[in-house]
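Notes for the structure review
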Amino acid sequence: MTSAPLSQQRQLLELQDLDNQLSRLAARRRNLPVLSEIENTVKELKENKRLQVLVQAQATEAKQDLKRADDDVEQANNRAKVLRQRLHSGTVSARDLGALQGELDQLGKRLSVLETKQLEALETYEDLSGKYSELQVREGEIRARGRELTAKRDSEFARIDAETSQVTQRREQLAASLLQSLVQIYDRARKATGGLGVVGLYGARSEPTIEISPQELAAIRAAARDAVIVSEETEAIIVRMDD
């Protein structure tokens, strides 16, 4: 059985407290609320960019539709102008006059339809252009929010890291002052149990609480004062705290 001064064994409880502090600091660093805010902001930015690409493509198509509508209206107006000129030129025969007037009437109806489509195309294009501009403005707002959150995260990281550095230094100093064989047993137990390397035994009560059978308790009480006792159940070191 490994031996180490009982005073050093008891210092393992302080070592474990420092390790627990480091674990809590690491958990706090991983779970800062600002991290989820940053994650949500990144998602929002990606969605904004996706919508920008979509709306820009729609606006480009709408602009092409507007150009076609403008061309159709211009072509119809030009044709109507030519027909009116012929109608008032005095050179059209009486036989062709009715046909010319009929074509003008039909062209007028067609022009009305084309102008309606032109107006609709213009409204669609303007709506999409406005939506695209809004998305660009929103992108700027999201990025500004992202910068604020990043600065907040970095500030909180710095505070936690500074505290972690202090605790780590204390931990290293304490560990260096103990028998390395004792620290190794403690580290192995802590790794095996997921965090529990040592428990203090006060009479028949342990802190943290673990199961100790009457037979094991009797063996602990009978062991030499400096004997390093390892729990049968958890592999943690059991340190007797009663003098």
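Scroll up to find the structure.
In this report, we go over the structure that sits alongside the text.

Procedures and definitions
- Residues numbered from 1 in each chain as written.
- Predicted model: local features only at pLDDT ≥ 70, side-chain atom pairs only at ≥ 80, totals over all residues.
- Heavy atoms only, no water.
- Helix = DSSP H or I, 4+ residues; strand = E, 2+ residues; numbered from the N terminus.
- Buried < 20%, exposed > 50% of the residue type's maximum accessible area, 1.4 Å probe, protein only.
- Areas by Shrake-Rupley, 256 points an atom, 1.4 Å probe, with all protein chains shown as cover.
- Lys, Arg positive; Asp, Glu negative; His and termini not counted.
- Charge placed at Lys NZ, Arg CZ, Asp CG, Glu CD.
- Phe/Tyr/Trp six-rings, centres within 6.5 Å; stacked < 30°, edge-to-face > 60°.
- Lys NZ or Arg CZ within 6 Å of the ring centre and 35° of its normal.
- Polar contact = N/O pair within 3.5 Å; in protein donor to acceptor, adjacent residues only side chain to side chain.
- Contact = heavy atoms within 4.5 Å.
- Pairing = 2+ DSSP bridges.
- Axes fitted to C-alpha atoms, helices over the stretch in contact; angles between N-to-C directions.
- Core = buried A, V, L, I, M, F, W, Y, C linked by side-chain atoms within 4.5 Å.
- Salt bridge = Lys/Arg side-chain N within 4 Å of Asp/Glu carboxyl O.

1. As for the overall build of the chain
The helix and strand inventory of the chain stands at 5 helices and 4 strands. Reading the chain from its N end, one meets helices and strands in the order α-α-α-α-β-β-α-β-β. Seen through its C-alpha atoms, the chain measures out along the principal axes to roughly 135 × 35 × 25 Å. Counting over 243 residues, the chain shows a buried share of 33%. Working note: accessible area of the chain is about 15,300 Å², and carbon and sulfur atoms make up 50% of it. If you average the places of the 37 positive and of the 40 negative side-chain charges in the chain, the two averages end up 3 Å apart.

2. Some words on the packing of aromatic side chains
The full count for this structure, using the stated rule, is 0 aromatic pairs. In this arrangement the basic side chain of R29 is found over the ring face of F157, its NZ or CZ atom lying 3.7 Å from the centre.

3. Quick look at the side chain of N48
Looking at the element boundaries, N48 is found in helix α2 (residues 33-87). Judged by relative accessible area, N48 falls into the buried class, the value being 4%. A distance of 3.1 Å separates a polar side-chain atom of N48 from the backbone oxygen of L135. Beyond its immediate chain neighbours, meaning those up to four positions away, N48 contacts L135, R138, E139 and I142.

4. Thoughts on the sheet that holds strand β4 (residues 237-240)
Pairing within the open sheet is mixed, and its 4 strands lie in the order β2-β1-β4-β3. The open sheet has two free edges, formed respectively by β2 (205-207) and β3 (229-230), since each of these has just one partner strand. Of the pairings in the sheet, the one linking β3 to β4 comprises 2 bridges and is antiparallel in character. In the sheet register, I229 faces β4, and the bridge partner there is I238. Packing against the sheet, helix α1 (residues 6-30) makes contact with β1 (198-202) and β4, and its axis sits at approximately 120° to β4. Each of β1, β3 and β4 touches helix α5 (residues 214-222); the most contacted strand, β4, lies at about 55° to it.

5. Here we look at the nonpolar core
Membership of the largest hydrophobic core comes to 25 residues, with the highest contact counts inside it found for L12, L15, L182, Y186, V198, V228 and I237. Mapped by element, the contributors of at least two residues to this core are α1, α2, α3 (94-176), α4 (180-193) and β4. Aside from chain neighbours lying at most four places away, what touches L182 is A4, Q8, Q9, L12, V228 and I237. Grouped together as the second largest cluster of nonpolar side chains are 9 residues, A76, A80, L100 and L107 included.

6. Points about the pattern of salt bridges
Under the counting rule described, the total for this entry stands at 17 salt bridges. A salt bridge links R29 to D161; the nearest nitrogen and oxygen atoms lie 2.8 Å apart. Of this pair, R29 sits in helix α1 while D161 sits in helix α3, and the two are 132 residues apart along the sequence. R29 sits in the partly exposed class, given a relative accessible area of 31%. Assessed through its relative accessible area of 33%, D161 is described here as partly exposed. We note a salt bridge from R68 to D65, for which the minimum N-O separation is 2.2 Å. In this pair, R68 and D65 are both assigned in helix α2, 3 residues apart and thus about one turn of the helix distant. Of the residues examined, R68 reaches a relative accessible area of 47% and is grouped as partly exposed. The network of salt bridges with common partners includes D19, R171, D187 and R190.

7. Some details on unusual backbone geometry
With an omega dihedral of -10°, the bond running from E207 to P208 counts as a cis peptide bond. By the element assignment, P208 lies in the loop between β2 and α5. Although it is not a glycine, E235 sits at a positive phi angle of roughly 75°. For E235, a relative accessible area of 46% gives the class partly exposed.

The quantities given are spatial measurements derived from coordinates; they are silent on function.
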